[in-house]
Amino acid sequence: METLLNDFSPGLFAVSTILLLALIALMVKFAWKPILNSLEERESGIEDALAAAENARKEMQNLQSDNERLIKEARAERDEMMKDARNITDNMIAAAKEDAKEVTATLIEKAQASINQEKQAALAEIKKTVAELSIGIAETVIKKELSNKKDQLALVEGILKDVTLN
Amino acid sequence: MRIAYKTVKFLTIVAITLFTAVSFASESDKKHDVQNDGGRVNTKSEVEAYILHHIKDSHDFSLFSYTSDSGERKHVGFPLPVILWSSEGLVTFMSSAFHHNDDGHVIVEKNGLKFAKIHSKIYELDTDAATVSFDETHHATNAHKTLDFSITKSAFGLIVIGLLMLLWFSKLARQYKTKKVPTGFGRVLEPLVLYVRDEIARPNIGEKHYRRFTGYLLTVFFFIWILNLAGLTPLGFNVTGQLAVTGCLAIFTLVIYTVSGTKGYWMHMIWMPGVPMLIRPVLAIIELAGALIIKPFSLLVRLFANISAGHIVVMSLIAIMFTLKESLGVVGATGLSLVLSFFITLIEVLVAFLQAYIFTMLSALFIGMAVDDHAEAH
Amino acid sequence: MYNLIGAGLIVIGAGIGLGQIGGKAMEGIARQPEATGKIQTAMIIIAALLEGLAFGALFLGK
């Protein structure tokens, strides 16, 4: 203990106190403050960047799921539309078919009607022609038959016979 | 930037060259030794004296000394200023005035006062005395110690290392202004700064308060570490092995944790809650003694003792070269000394870091205890 | 002379203490390797306190 105290130099103690205080003050001012501040800045910068990356990743994920949802929706919509379109075409085709059927039916009806009319007309014509022809024939026949008396009387008698039969 | 760096490098090299070769005025004096062999350090007692002399502070910076052919002791080094607060006020002169004498035989007269240097301490002679007279225990009888504010070897080392630290770390700080990641030597320093902050300051003081004390802890850590390492170089610094310096550091820590102690800290120290009334004053005495005396004392003694012991061991192992020369032969003694001192020096490099770490760590721990919120504890 | 005996006793005591600290820390690390850092820190602190005690005693005796 005695040698220890003998070794202790109060002068050096004072000198080193002053020097160390100056050193600590200077180091804090010129070195540690800027260094620690920059380090903290850098660390917070890194943290921020990491957080930003994480956020971006999440956003990406959200976007992706959004995209997927959109695609699904679009697909569903498309399917719906296709279905609708198919329905519409089917309906249209059916309607057209129906229409066509109707149209043909009426057309046929009309044709039949006109055919009937024509037929009637033709029949009437034929009847008329036949009648005229028969009258002509009858005229000629009668003219020829009635050229002799006898034939005339035979005819009248034949006709009279028929009439009585009726 | 690059040119500036080159310039600094160049100037450092020039300075080292000048230090080692040119500017050292080689001084010589006749050593008053018993063997009269020109001051060679050969015997066991001489080795012991040499080591003890090295452990102590000295007033001049001497790198090595040798004995010339004419038997003169030559010292290579440079003198440092001596600043004394004597009975007549401030006295300054260069330490070369003592001519490397350390046993009080050279008397320096300045301002009408006489000074002598005995075992690295400067004594002021009584007015009527012409030479120092000693009693049988080798204590000076007609001289007394003066207050010695000299720039001694330790103070010089402190200044040099302090400037070096300022240079390095302010350069690192400047680097951050232009880039995010430092380059060059800064890349070595940055992880160390981060280590002290994240492994010592933050866990021991706590997330809330560590910022205030990190500057002090960083300064102390690098100061002790670099000086410990400088002590292992042949420059022969022993700054962290000076009680005055370690005491100074310990008192800084004491002041910091005493001043920044919270109310809860003092409450727990002086009037411990949850303990029987009668025991409280006893506990208060123990706690106060622990906080104000034992903690700083253990801090200062640990650093001082570890570094001094390291120096003594390394130098003793080097001295095997001389002390075991007779029994082992020149080659054997030199080889043994080389191997042993090599390994011990490696261990000392580790100890240099460990002591800096422990001092900083314990400082942080004590500060952390003082600023901790005691509300939830106990 | 007595100083030296005292110093020897101190060193023996400190050696036993340091051995205990180191040994128990090793055991702890072996048992829980993930707590290595914490154990080492605590070990160094306690070793430093013990060392301070031992040095204090040595220098008081010197």
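Cut-offs used in this document
- Residues numbered from 1 in each chain as written.
- Chains lettered and ligands numbered in written order.
- Predicted model: local features only at pLDDT ≥ 70, side-chain atom pairs only at ≥ 80, totals over all residues.
- Heavy atoms only, no water.
- Axes fitted to C-alpha atoms, helices over the stretch in contact; angles between N-to-C directions.
- Helix = DSSP H or I, 4+ residues; strand = E, 2+ residues; numbered from the N terminus.
- Parallel < 35°, antiparallel > 145°, perpendicular 65-115°, else oblique.
- Left-handed = near helix turned anticlockwise from the far one by under 90°.
- Contact = heavy atoms within 4.5 Å.
- pLDDT = per-residue confidence, 0-100.
- Buried area = accessible area lost by both parts, 1.4 Å probe.
- Salt bridge = Lys/Arg side-chain N within 4 Å of Asp/Glu carboxyl O.
- Polar contact = N/O pair within 3.5 Å; in protein donor to acceptor, adjacent residues only side chain to side chain.
- Nonpolar A, V, L, I, M, F, W, Y, C, P; charged D, E, K, R; others polar.
- Pairing = 2+ DSSP bridges.
- UniProt positions renumbered as here; feature names shortened; annotations may be inferred.
- Core = buried A, V, L, I, M, F, W, Y, C linked by side-chain atoms within 4.5 Å.
- Buried < 20%, exposed > 50% of the residue type's maximum accessible area, 1.4 Å probe, protein only.
- Expected span 1.5 Å × (residues − 1).
- Phe/Tyr/Trp six-rings, centres within 6.5 Å; stacked < 30°, edge-to-face > 60°.
- Lys NZ or Arg CZ within 6 Å of the ring centre and 35° of its normal.
- Patch = residues over 30% accessible without salt bridge, like charges linked within 9 Å, V, L, I, M, F, W, Y side chains within 5 Å.
- Areas by Shrake-Rupley, 256 points an atom, 1.4 Å probe, with all protein chains shown as cover.

(A) Highlighting the packing of helix α5 (residues 210–232) of chain B against helix α6 (residues 243–259) of chain B. Residue and element names in this part refer to chain B. For the pair α5 and α6, the least separation of the axes is 12 Å and the interaxial angle reads 165°. Accordingly, the angle class assigned to the pair α5 and α6 is roughly antiparallel. Note on packing geometry: the crossing formed by α5 with α6 is left-handed. Residues Phe213, Tyr216, Val220, Phe223 and Ile224 of α5 form the contact with α6, whose own contacting residues are Val245, Leu249, Phe252, Thr253 and Ile256.

(B) Just the confidence of the model for chain C, in detail. Across chain C, the average pLDDT comes to 87, with 98% of residues at 70 or higher. Scoring of the predicted complex yields 0.75 for pTM and 0.81 for ipTM.

(C) Region of the structure containing the interface of chain A and chain B. On the chain B side, the residues contacting the 32 residues of chain A number 48 residues. Taken together, both faces of the contact between chain A and chain B bury some 3,400 Å²; the carbon and sulfur share is 78%. Considering only the side of chain A, the residues that lose the most area to chain B are A:Leu12, A:Trp32 and A:Arg42, jointly responsible for 19% of the buried surface there. Inspection of the chain A/chain B interface yields 3 salt bridges. Put simply, A:Arg42 and B:Glu190 hold a salt bridge, and the shortest N to O gap is 2.9 Å. The interface formed by chain A and chain B holds 5 residue pairs in polar contact (both at pLDDT 80 or more) in total. Among the secondary structure elements, those contributing two or more residues to the side of chain A that touches chain B are α1 (2–7) and α2 (10–145) of chain A. Per-element tally for the side of chain A that touches chain B: the top contributor is α2(A), with 27 residues. The residue makeup of the side of chain A that touches chain B, split by class, is 22 nonpolar, 6 polar and 4 charged.

(D) Quick peek at the interface of chain B and chain C. Taken together, the contacts link 13 residues of chain B with 10 residues of chain C. When the two sides are added together, the surface that chain B and chain C hide from each other amounts to roughly 1,000 Å², 81% of it contributed by carbon and sulfur. Residues C:Glu51 and B:Arg302 are paired through a salt bridge, measuring 3.5 Å at the closest nitrogen-oxygen approach. At the boundary of chain B with chain C, the tally comes to 2 residue pairs in polar contact (both at pLDDT 80 or more). Broken down by secondary-structure element, the contributors of at least two residues to the side of chain B that touches chain C are α8 (279–323) and α9 (325–371) of chain B. Looking at the side of chain B that touches chain C, the element that brings in the most residues is α8(B), giving 7 residues. Of the residues belonging to the side of chain B that touches chain C, the class tally is 9 nonpolar, 3 polar and 1 charged.

(E) Focus on the sheet that holds strand β9 (residues 143–145) of chain B. Residue and element names in this part refer to chain B. Taken together, 4 strands build an open sheet; the order of strands is β6-β7-β8-β9 and the sheet is antiparallel. The open sheet has two edge strands, β6 (103–110) and β9, and neither has a second partner. In this sheet, neighbouring strand axes are inclined to one another by 35° on average, regardless of whether the strands run parallel or antiparallel. Sheet topology note: the strand β8 (residues 121–125)/β9 ladder contains 3 bridges and is antiparallel. Bridge pairing in β9 links Glu124 to His144.

(F) Structural context of the UniProt feature "domain: V-ATPase proteolipid subunit C-like" (unreviewed entry) in chain C. Taking the numbering used here, the UniProt-annotated feature "domain: V-ATPase proteolipid subunit C-like" (unreviewed entry) corresponds to residues 5–57 of chain C. Helix makes up 92% of residues 5–57 of chain C and strand makes up 0%, while its end C-alpha atoms are separated by 12 Å.

(G) Fine view of the nonpolar core. If you look at the biggest cluster of nonpolar residues, it comprises 85 residues, and the most contacted ones within it are A:Trp32, A:Ile35, B:Met165, B:Phe169, B:Val193, B:Phe222 and B:Phe223. In contact with B:Val193, other than residues within four places in its own chain, are A:Trp32, A:Ile35, A:Leu36, A:Leu39, B:Phe169, B:Leu218 and B:Phe222. B:Val82, B:Phe93, B:Leu113 and B:Ile122 belong to the second-largest nonpolar core, a separate cluster that totals 9 residues.

(H) Helix α1 (residues 2–31) of chain C, seen in detail. All names here are of chain C. With 30 residues, α1 ought to run about 44 Å at 1.5 Å a step, and its terminal C-alpha atoms sit 43 Å apart, in line with that. All of the buried residues along α1 are Ala14, Gly17, Ile21, Gly22, Ala25 and Ile29. Residues of α1 that are buried in the fold lie against α2 (36–61).

(I) Structural detail: the packing of aromatic side chains. Evaluation of the coordinates by the stated rule reveals 21 aromatic pairs over all chains. Residues B:Phe61 and B:Phe156 carry aromatic rings whose centres are separated by 5.4 Å and whose planes lie at 75° to one another, so their mutual orientation is edge-to-face. Highlighted residues: B:Phe61 in strand β2 (residues 60–67) and B:Phe156 in helix α3 (residues 153–178), separated in sequence by 95 residues. Like B:Phe156, B:Phe61 is buried. Grouping aromatic residues by their ring pairs yields a cluster made of A:Trp32, B:Phe169, B:Tyr195, B:Phe221, B:Phe222, B:Trp225, B:Phe353 and B:Tyr357. For B:Lys153, the ring lying beneath its charged end belongs to B:Phe61, and the centroid distance is 5.6 Å. The ring of B:Tyr257 has B:Lys295 lying over it, and the distance from NZ or CZ to the ring centre is 5.4 Å.

(J) Looking closely at the packing of α6(B) against α9(B). Residues and elements named next belong to chain B. Interhelical geometry of α6 versus α9 gives an angle of 20° and a closest axis separation of 9 Å. If you check the angle between α6 and α9, you find them roughly parallel. Remark: the crossing between α6 and α9 carries right-handed chirality. On the side of α6, the interface is formed by Leu249, Ala250, Thr253, Ile256 and Tyr257, while α9 contributes Phe359, Ser363, Phe366, Ile367 and Ala370. Of the residues that constitute the contact of α6 with α9, the class distribution is 8 nonpolar, 2 polar and no charged.

(K) Representation of a nonpolar patch on the surface within the structure. Residues C:Met1, C:Tyr2, C:Leu4, C:Ile5, C:Leu9, C:Ile12 and C:Ile16 make up a contiguous nonpolar surface patch of roughly 890 Å² in combined accessible area. Structurally, the position occupied by C:Ile5 is in helix α1.

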